[in-house]
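# What the coordinates show
So the chains spell out like this:
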Amino acid sequence: MILFLIGLISGIISGMGIGGGAILIPALVLFVNPGQHTAQSVNLLFFIPTAVIALIIHIRNKRVDLKMALPIIISGLGGAILGSRLAFSLAGSSLKKWFGVFLLAMGIYEMFRKGKHKTGKNEQSYSHKHP
Amino acid sequence: MKRKTDLSRLVKSVIIGLITGTANGLFGSGGGTIAVPAMVLVLGADEHKAHATAISIILPLTVLSAVFYISNNFVDWNLTFKVVLGGIAGGFLGAKLLNVCPENILRKVFAVFMIIAAVRMIAY
């Protein structure tokens, strides 16, 4: 039941554009304790089906800029190999601490960033397009 | 001149990819948190396009990282299945909840949770 609840809350916030992992991984580690690596694997697998559906919709609506994405994807695949190997070389207890540092940075960023529609610059550019 | 700006854009893109991919593999998350603001601030992308484009970037990276985690036996399928079931329900519920509860307040609540959880993970 707790697993379903953790998934439920993470599913709700994934739709808000905060990575679901920012809730899913710490909630699993603190309440279920399956090990840091396994908690992270849950988040990776959790993301795939929802991302496939979202991506199909975004491609149909022509919101995906593949020209911009391609070089990022190619170097990103290299980074994913590097990052995964680094994760496997660490013990769960130290990976958990590094994750904590990363989460703290994300939390502080989320706390102090402004809402989506509050930046004057964006509003100005929109009003130019739609006078 | 054009060639020079193209090259610097390519170098910036490669660096964004490396950082995004490394975080994705190392922490199993956070790719979008890095890629979206990086594309907006460094590459000057439109925010809506950046969100959609980020998914096209993070999906292949996540599939690759997941393959590594599976082949290193870090996956608990039974646990994953239950969490994913909850996640599907949450996705539907979230769309309805956003109409009732203001997003900015929800975001701050989650930010507080993230900071408290982070401190516990570092300290314990």
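Described below are features of the structure shown in this document. (Residues numbered from 1 in each chain as written. Chains lettered and ligands numbered in written order. Predicted model: local features only at pLDDT ≥ 70, side-chain atom pairs only at ≥ 80, totals over all residues. Heavy atoms only, no water.)

## Let's talk about the overall build of chain A
- Broken down by element type, chain A carries 6 helices and 0 strands.
- Listed by position from the N terminus, the elements making up chain A come as α-α-α-α-α-α.
- Here chain A, with 131 residues, has 44% of them falling under the buried criterion.
- Taking as baseline every contact in chain A between residues at least 6 positions apart, the subset at least 24 positions apart corresponds to 49%.
- Total accessible area on chain A is roughly 7,100 Å²; 68% of this is exposed by carbon and sulfur atoms. (Helix = DSSP H or I, 4+ residues; strand = E, 2+ residues; numbered from the N terminus. Buried < 20%, exposed > 50% of the residue type's maximum accessible area, 1.4 Å probe, protein only. Contact = heavy atoms within 4.5 Å. Areas by Shrake-Rupley, 256 points an atom, 1.4 Å probe, with all protein chains shown as cover.)

## Quick notes on helix 3 (residues 47-71) of chain B
- End to end, helix 3 of chain B covers 36 Å across 25 residues, agreeing with the expected 36 Å (1.5 Å per residue, within 8%).
- Its side-chain oxygen at 3.2 Å from the backbone nitrogen of His48 of chain B, Asp46 of chain B defines the N-terminal cap of helix 3 of chain B. (Expected span 1.5 Å × (residues − 1). Polar contact = N/O pair within 3.5 Å; in protein donor to acceptor, adjacent residues only side chain to side chain.)

## Some details on the layout of surface pockets
- In this structure, the second largest pocket occupies an estimated 260 Å³ of space.
- Around the second largest pocket, the lining is made up of 10 residues, and of these Lys67, Met68 and Pro71 of chain A together with Asp6 and Arg9 of chain B lie nearest the centre.
- Among the secondary structure elements, those contributing two or more residues to the lining of the second largest pocket are helix 4 (66-89) of chain A together with helix 1 (2-27) of chain B.
- Its residues assigned to classes, the lining of the second largest pocket shows 4 nonpolar, 1 polar and 5 charged. (1 Å grid on protein atoms, 1.4 Å probe; cavity = no way out; pocket = protein on both sides within 12 Å on 5 of 7 lines; lining within 4 Å. Points joined across faces, edges and corners; volume = space filled by probe spheres on them. Nonpolar A, V, L, I, M, F, W, Y, C, P; charged D, E, K, R; others polar.)

## Description of the interface of chain A and chain B
- Each side of the interface is counted separately: chain A has 84 residues, and chain B has 83 residues.
- Here chain A and chain B share an interface that buries about 7,400 Å² over both sides, 79% of which is from carbon and sulfur atoms.
- Put simply, chain A and chain B have 1 salt bridge between them.
- Glu110 of chain A is the salt-bridge partner of Arg107 of chain B, the closest N and O atoms lying 2.6 Å from each other.
- At the surface where chain A touches chain B, the tally comes to 15 residue pairs in polar contact (both at pLDDT 80 or more).
- At the level of elements, helix 1 (2-14), helix 2 (21-31), helix 3 (36-60), helix 4, helix 5 (92-112) and helix 6 (120-129) of chain A are the ones that each hand at least two residues to the side of chain A that touches chain B.
- For the side of chain A that touches chain B, the element with the most residues is helix 4 of chain A, which contributes 18 residues.
- Classifying every residue of the side of chain A that touches chain B gives 56 nonpolar, 19 polar and 9 charged. (Buried area = accessible area lost by both parts, 1.4 Å probe. Salt bridge = Lys/Arg side-chain N within 4 Å of Asp/Glu carboxyl O.)

## Remarks on the packing of aromatic side chains
- Taken as a whole and judged by the stated rule, the model has 5 aromatic pairs over all chains.
- Residues Phe88 of chain A and Phe74 of chain B carry aromatic rings whose centres are separated by 5.3 Å and whose planes lie at 25° to one another, so their mutual orientation is stacked. With one member in each of two chains, Phe88 of chain A in helix 4 and Phe74 of chain B in the loop between helix 3 and helix 4 (77-100) form a pair that bridges those chains.
- Judged by its relative accessible area of 21%, Phe88 of chain A falls in the partly exposed class.
- Seen in terms of ring centroids, Phe102 of chain A and Phe27 of chain B are 4.6 Å apart; in terms of plane orientation they differ by 15°. Their pairing is stacked. Within this pair, whereas Phe102 of chain A is found in helix 5, its partner Phe27 of chain B is found in helix 1, the two belonging to separate chains.
- Classification of Phe27 of chain B as buried rests on a relative accessible area of 9%.
- An aromatic cluster of three or more residues is present, and its members are Phe88 of chain A together with Tyr69 and Phe74 of chain B. (Phe/Tyr/Trp six-rings, centres within 6.5 Å; stacked < 30°, edge-to-face > 60°.)

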